[in-house]
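Understanding the architecture of this molecule
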Amino acid sequence: KPLGLKLLVDGRLVACFCQPRFASLAPAMSAKASKANKAADSINARLQLVMRSGKYQLGYKTTQKTLRQGKSKLVLISNNCPALRKSEIEYYAMLAKVGVHHFHGDNN
């Protein structure tokens, strides 16, 4: 059953997983990497669930509109969102007491 969250996304999102830069650091970082991977998998799985349910809005203008109206529950901001736009969305979200998640994927 869908969660019923309304996710407002600044563009379409794609999961982005990074590999360790140095092979010698991989065993030492395996516990941290697996924890981060599980968290990323959890966010991606929930995002897929909400996208299937259809209860989301895309774009900057609709994000502002729903934040002003108090209809949003969570805002996802992609990592390639411009700094000024990101700070403005965060400010509106703070006023509306809505959670903000900085997604590590971009809108491509």
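Let us look at the structure shown here. (Residues numbered from 1 in each chain as written. Predicted model: local features only at pLDDT ≥ 70, side-chain atom pairs only at ≥ 80, totals over all residues. Heavy atoms only, no water.)

**Considerations on the side chain of serine 78**
- Within the secondary structure layout, serine 78 lies in the loop between strand 3 (74-77) and helix 3 (83-96).
- Its relative accessible area of 1% is what places serine 78 among the buried residues. (Helix = DSSP H or I, 4+ residues; strand = E, 2+ residues; numbered from the N terminus. Buried < 20%, exposed > 50% of the residue type's maximum accessible area, 1.4 Å probe, protein only.)

**Remarks on helix 2 (residues 60-69)**
- Along helix 2, the residues classified as buried are Tyr60, Thr63, Gln64, Thr66 and Leu67.
- Looking at the residues trailing helix 2, positive phi occurs at glycine 70, about 80°.

**Some remarks on a nonpolar patch on the surface**
- On the surface, a nonpolar cluster with roughly 340 Å² of combined accessible area is contributed by Tyr91, Met94 and Leu95.
- Within the fold, tyrosine 91 resides in helix 3.
- Judged by relative accessible area, which is 47%, tyrosine 91 ranks as partly exposed. (Patch = residues over 30% accessible without salt bridge, like charges linked within 9 Å, V, L, I, M, F, W, Y side chains within 5 Å. Areas by Shrake-Rupley, 256 points an atom, 1.4 Å probe, with all protein chains shown as cover. Salt bridge = Lys/Arg side-chain N within 4 Å of Asp/Glu carboxyl O.)

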